[in-house]
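Below, each chain spelled out in residue letters.
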Amino acid sequence: MFKHLRNTLYIRIQAERIAILHVESGRELVDIPALAIETKGKQSDIVAVGQAAVALAGTANISVCNGFRHPRTLLADFIHAERALRYLVKQALPKFGFVSSPVIIMHPQALLEGGLTPAPRVKIVVASNL
């Protein structure tokens, strides 16, 4: 009856790809976890996320970063990773009036050969509390 009010998100994380499945509707969002950050003096603002961010690479005063790109661990930069996740989760949620807090299931899919150390494990849990 209230299935449309529930929001369960299944998030698969790789360094070059984030896939978010809204379980109740079956809709899936797939994008790159990249941020385009514009720097003006001492202030910096996020101007684009995902494919749009990659398209801005090379533009003056804009740097493109990926918080998940690191050679040895899942998270390279927690703040950038969390901001990209926050934006992509908002895009994946339904757009109608009342939206309940989502239940998020995060599935890291890369750089797991030795398992997750406590630091990335805690950061993934914190990032899922959007």
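Computed from a prediction, not measured in an experiment: that's the story for all the values here.

K.L.:
Kindly report on the overall build of the protein chain, identifying the contributing residues and their values.
P.N.:
Counting secondary structure elements, the protein chain contains 3 helices and 7 strands. Its helices and strands taken in sequence order, the protein chain reads β-β-β-β-β-α-β-α-β-α from the N to the C terminus. When burial is assessed residue by residue, the protein chain has 35% of its 130 residues classed as buried. Taking the intrachain contacts of the protein chain between residues at least 6 apart in sequence as the baseline, contacts between residues at least 24 apart amount to 52%. For the protein chain, the accessible surface area stands at approximately 7,800 Å², while carbon and sulfur atoms represent 57% of it.

K.L.:
Tell me about the nonpolar core, and please be specific about residues and values.
P.N.:
Counting residues in hydrophobic clusters, the biggest one holds 21 residues, and the most contacted among them are Leu9, Ile11, Ile13, Ile18, Ile20 and Phe68. Elements that contribute at least two residues to this core include exactly strand 1 (8-14), strand 2 (17-22), strand 4 (34-40), helix 2 (78-92) and strand 7 (103-108). The element best represented in this core is helix 2, accounting for 6 residues. Non-local contacts of phenylalanine 68, meaning those with residues more than four positions away in its chain, are made with Ile13, Gln14, Ala15, Ile18, Pro33, Thr73, Leu74, Leu75, Ala76, Ala81 and Leu85. Counting 6 residues, the second largest nonpolar core, distinct from the first, contains Ile32, Ala36, Ala48 and Ala53.

K.L.:
Talk me through the pattern of salt bridges; I want residue IDs and the actual numbers.
P.N.:
Following the criterion strictly, the structure yields 3 salt bridges and no others. A salt bridge links arginine 12 to glutamate 28, with the nearest nitrogen and oxygen atoms 2.5 Å apart. Residue arginine 12 is located in strand 1, and its partner glutamate 28 is located in strand 3 (residues 28-31); the two are separated by 16 residues in the primary sequence. Taking relative accessible area as the criterion, arginine 12 reaches 16% and is therefore assigned buried.

K.L.:
Explain unusual backbone geometry residue by residue, including any values.
P.N.:
A positive phi angle, near 65°, is found at asparagine 61, a position not held by glycine. Along the chain, asparagine 61 turns up in the loop between helix 1 (51-55) and strand 6 (62-66). Given a relative accessible area of 54%, asparagine 61 falls into the exposed group.

K.L.:
Run through the sheet that holds strand 3, naming residues and quoting values.
P.N.:
By way of backbone hydrogen bonds, the strands of a sheet pair with one another, either parallel or antiparallel. Read from one edge of the open sheet, 4 strands run 3-2-1-7, paired in mixed fashion. Single-partner strands in this sheet number two, and they are strand 3 and strand 7. Strand-to-strand twist of the sheet, defined as the mean angle between neighbouring strand axes without regard to direction, takes the value 15°. Both strand 1 and strand 2 contribute to a ladder of 6 bridges, which runs antiparallel. When the bridges of strand 2 are listed, glutamine 14 appears paired with arginine 17. Against the sheet, helix 2 makes contact with strand 1, strand 2, strand 3 and strand 7, and its axis sits at roughly 35° relative to strand 2, the strand it touches most.

Conventions adopted
Residues numbered from 1 in each chain as written. Predicted model: local features only at pLDDT ≥ 70, side-chain atom pairs only at ≥ 80, totals over all residues. Heavy atoms only, no water. Helix = DSSP H or I, 4+ residues; strand = E, 2+ residues; numbered from the N terminus. Buried < 20%, exposed > 50% of the residue type's maximum accessible area, 1.4 Å probe, protein only. Contact = heavy atoms within 4.5 Å. Areas by Shrake-Rupley, 256 points an atom, 1.4 Å probe, with all protein chains shown as cover. Core = buried A, V, L, I, M, F, W, Y, C linked by side-chain atoms within 4.5 Å. Salt bridge = Lys/Arg side-chain N within 4 Å of Asp/Glu carboxyl O. Pairing = 2+ DSSP bridges. Axes fitted to C-alpha atoms, helices over the stretch in contact; angles between N-to-C directions.

That is the geometry; function is a separate question.
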